[in-house]
Amino acid sequence: MPETPTHPSTEPVLSPSKGSGSGGRALRIGVAGPVGTGKSSLIALLCRELGTELSLAVVTNDIYTDEDARFLRSAGVLDPERIRAVETGACPHTAIRDDVTQNLLAVEDLERDFAPVDVVLVESGGDNLTATFSPALVDAQFFVLDVAGGGDVARKGGPGIGRADALVVNKTDLAPYVGVDVEQMVADAEAAREGRTVLPLSRLDPASVARVRAWVLHTLEQFRSGEHVAQDPGPMAPHFHAETGETHSHAHDHEHAH
Ligand SMILES: Nc1nc2c(ncn2[C@@H]2O[C@H](COP(=O)(O)OP(=O)(O)OP(=O)(O)O)[C@@H](O)[C@H]2O)c(=O)[nH]1
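The rules behind these values
Residues numbered from 1 in each chain as written. Predicted model: local features only at pLDDT ≥ 70, side-chain atom pairs only at ≥ 80, totals over all residues. Heavy atoms only, no water. Buried < 20%, exposed > 50% of the residue type's maximum accessible area, 1.4 Å probe, protein only. Helix = DSSP H or I, 4+ residues; strand = E, 2+ residues; numbered from the N terminus. Arc of directions from axis to C-beta. Contact = heavy atoms within 4.5 Å. Salt bridge = Lys/Arg side-chain N within 4 Å of Asp/Glu carboxyl O. Near = heavy atom within 4 Å. Polar contact = N/O pair within 3.5 Å; in protein donor to acceptor, adjacent residues only side chain to side chain. Areas by Shrake-Rupley, 256 points an atom, 1.4 Å probe, with all protein chains shown as cover. Nonpolar A, V, L, I, M, F, W, Y, C, P; charged D, E, K, R; others polar. Pairing = 2+ DSSP bridges. Axes fitted to C-alpha atoms, helices over the stretch in contact; angles between N-to-C directions.

1. Here's the deal with helix α2 (residues 67-75)
Of all the residues in α2, the buried ones are Asp68, Ala69, Leu72 and Ala75. The arc enclosing the buried residues of α2, seen along the axis, measures out at 125°, which places them on a common side. Buried positions along α2 lie against α1 (39-50), β2 (56-62), β3 (83-87) and β4 (119-123). Following α2 by one or two positions, Gly76 adopts a phi angle in the positive range, close to 70°.

Shown next as structure tokens:
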């Protein structure tokens with residue numbers, strides 16, 4: 001795990017007391033995005049940045065392994081007991097959108113075992129551009145892209161890019177090596193998102209790290225005061241499951257196995 005630079009805090013330290021809007025539970029933040037864009041790294045960075053002032057916990061989702069949880073435990077950014085893995089056994093969106101039971105139980109267990117918890121970070125398994133969290137599971141969500149995926153990705157749209165609470169354009173330090181104009185990519189993302197938050201990020205750029213950190217603290221403040229309302233970025237696009245030959249959209253709300 002490469003080093004994330006630390007920097008002096010410029011944000012007010014929040015009191016751990018719960019406001020009336022939170023219902024006494026933690027703020028639950030989802031982290032979704034395509035494979036390898038830096039979801040685990042973002043969670044490690046947030047644990048490092050906020051772990052001394054907030055009580056944090058993490059739930060990871062992998063299809064067949066607990067690799068992301070093991071990565072985060074080995075990063076040494078959080079008490080390993082506060083990191084739990086959910087093995088979805090199916091495409092990632094199933095457990096974060098269609099039937100969130102496994103994840104909800106993991107979140108509630110952590111909230112109970114380490115009470116009071118301020119923020120639970122839930123990492124989705126890496127997917128394509130379509131998976132987003134159900135608002136039944138998380139209160140707010142990041143969608144993570146990286147510059148290495150190409151400067152045009154932000155224009156391609158989809159529910160996460162368009163409507164997640166915050167879109168992270170990650171690994172901006174790599175832009176010169178992959179021929180991406182970060183400013184243009186961010187402008188494209190802002191246009192696609194109609195004013196919603198876009199956060200360019202590189203773990204090598206302390207100012208960008210500070211903005212992501214500040215966004216989490218601001219969202220927590222809003223959550224506690226009751227001003228934050230969980231948004232649903234919307235259902236994923238129709239897609240195909242090779243193992244079943246089934247094509248479906250996940251737009252429905254009835255239960256089904258696959
Ligand atoms: N250069 C650079 N590399 C980064 C940055 N953030 C993450 N990475 C690297 O990107 C790679 C993928 O990061 P992960 O955090 O594992 O990505 P992920 O989205 O969790 O991956 P999956 O769980 O497999 O979907 C790793 O090699 C990270 O070290 C960054 O800001 N700059």
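So that's the structure; there's more coming.
2. Describing the pattern of salt bridges
Under the definition given, this model contains 13 salt bridges. Notably, a salt bridge pairs Asp118 with Arg224, separated by 2.5 Å at the nearest N-O pair. With Asp118 in the loop between α4 (101-113) and β4 and Arg224 in helix α8 (residues 206-225), the pair connects residues that are 106 residues apart, well separated along the chain. When sorted by exposure, Asp118 lands in the same class as Arg224, which is buried.

3. What to know about the site of the ligand
Taken together, 17 residues form the shell around the ligand, and within it Gly38, Lys39, Ser40, Ser41 and Asp173 come nearest. Separating an oxygen atom of the ligand from a side-chain N or O atom of Lys171 is a distance of 3.0 Å. Relative to its unbound accessible surface of 660 Å², the ligand loses 74% to contact with the protein. Counted by class, the shell around the ligand contains three nonpolar, eight polar and six charged residues.

4. Focus on the sheet that holds strand β6 (residues 166-170)
Reading across the sheet, the seven strands line up as β3-β2-β4-β1-β5-β6-β7 and stay open at both edges, with parallel pairing between neighbours. The sheet is open, and its two edges are formed by β3 and β7 (197-201), each paired on a single side. Strand-to-strand twist across the sheet, computed as the mean angle between neighbouring axes with direction ignored, equals 20°. Here five bridges tie β2 to β3, and the two strands are oriented parallel to one another. Within β3, the residue paired with Thr60 across the bridge is Ala85. Strands in contact with α1 are β1 (27-32), β2, β4, β5 (140-146), β6 and β7; relative to β4, the strand with the most contacts, it is inclined by about 165°. Sitting on the sheet, α8 is in contact with β1, β4, β5, β6 and β7, with an inclination near 145° to β7.

Any functional reading would require information beyond the geometric quantities listed.
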